[in-house]
Amino acid sequence: MSLKYSNKINRIRTFALVLVFAGILIMYVGIFFRDYTFVMVTTMILGLLAVIASTVVYFFIGLLSTRAVPIVCPNCEKATKVLGRVDACMHCDQPLTMDKSLEGKEFDESYNSPKTTTKA
Ligand SMILES: [Zn+2]
């Protein structure tokens, strides 16, 4: 339970960044296989797909950002965005909630799931 929770938008952004680098790396590896056309073409396509996927993810972040609620973090007093019922601050990873009934409770990502509305 000691796993540090981080902001959702930040996590998706990190994922998109990893995809870009993975795509470039895959295409770079493909260059070493220029004698094997099939391998080279396959790695090029895979790399390109990863880069395209990251573009889609970035687009997705843009969409999510419009749905996120902009607030000022009570901990570090910087502007951040909250996505869903519970999320963490983008700057200091302070757990934040949009739900008054969850205030002061131990942070749990499962609160985002509609199934676990109340936890006894
Ligand atoms: Zn903060």
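As the structure is a computational prediction, the values presented were derived from the model and not from experiment.

Asks: Even after reading the chapter, I still don't get the overall build of the protein, so can you show me in this structure?
Replies: Counting its regular elements, the protein contains two helices and four strands. Taken from the N to the C terminus, the helices and strands of the protein come in the order α-α-β-β-β-β. Classification of the 120 residues of the protein by burial places 25% in the buried group. In the protein, of all internal contacts separated by at least 6 residues, the share reaching a separation of at least 24 is 43%. Only carbon and sulfur atoms are counted for the fraction: they give 68% of the accessible area of the protein, which is about 8,400 Å².

Asks: Even after reading the chapter, I still don't get unusual backbone geometry, so can you show me in this structure?
Replies: Most peptide bonds take the trans configuration, and most residues that are not glycine carry a negative phi. At Glu-77, a residue that is not glycine, the phi angle is positive and equals roughly 60 degrees. One non-glycine residue, Asp-93, lies in positive phi territory at about 60 degrees. Topologically, Asp-93 is positioned in the loop between strand E3 (86–88) and strand E4 (95–97).

Asks: Please clarify how the nonpolar core should be interpreted in this entry.
Replies: Soluble globular proteins tend to pack their nonpolar side chains together in the buried interior. Counting ten residues, the largest nonpolar core consists of Ile-9, Ile-12, Ala-16, Leu-19, Ala-50, Val-57, Ile-61, Leu-64, Ala-68 and Leu-83. If near-sequence neighbours (up to four positions away) are discounted, Val-57 is found in contact with Ile-12, Phe-15, Ala-16 and Leu-19.

Asks: Any chance you could explain the environment of Cys-76 here in plain terms?
Replies: With respect to the secondary-structure elements, Cys-76 resides in the loop between strand E1 (69–72) and strand E2 (79–82). By relative accessible area, Cys-76 is classed as partly exposed at 25%. Once you skip the residues sitting within four places of it in the chain, Cys-76 turns out to touch Cys-89, His-91 and Cys-92.

Asks: So what exactly am I meant to see when it comes to the side chain of Thr-80 here?
Replies: Checked against the element boundaries, Thr-80 lands in strand E2. Taking the relative accessible area as the measure of exposure, Thr-80 reaches 3% and is therefore buried. Among the polar contacts listed, one links the side chain of Thr-80 to the backbone nitrogen of Met-90, at a separation of 3.1 Å.

About the thresholds
- Residues numbered from 1 in each chain as written.
- Predicted model: local features only at pLDDT ≥ 70, side-chain atom pairs only at ≥ 80, totals over all residues.
- Heavy atoms only, no water.
- Helix = DSSP H or I, 4+ residues; strand = E, 2+ residues; numbered from the N terminus.
- Buried < 20%, exposed > 50% of the residue type's maximum accessible area, 1.4 Å probe, protein only.
- Contact = heavy atoms within 4.5 Å.
- Areas by Shrake-Rupley, 256 points an atom, 1.4 Å probe, with all protein chains shown as cover.
- Core = buried A, V, L, I, M, F, W, Y, C linked by side-chain atoms within 4.5 Å.
- Polar contact = N/O pair within 3.5 Å; in protein donor to acceptor, adjacent residues only side chain to side chain.

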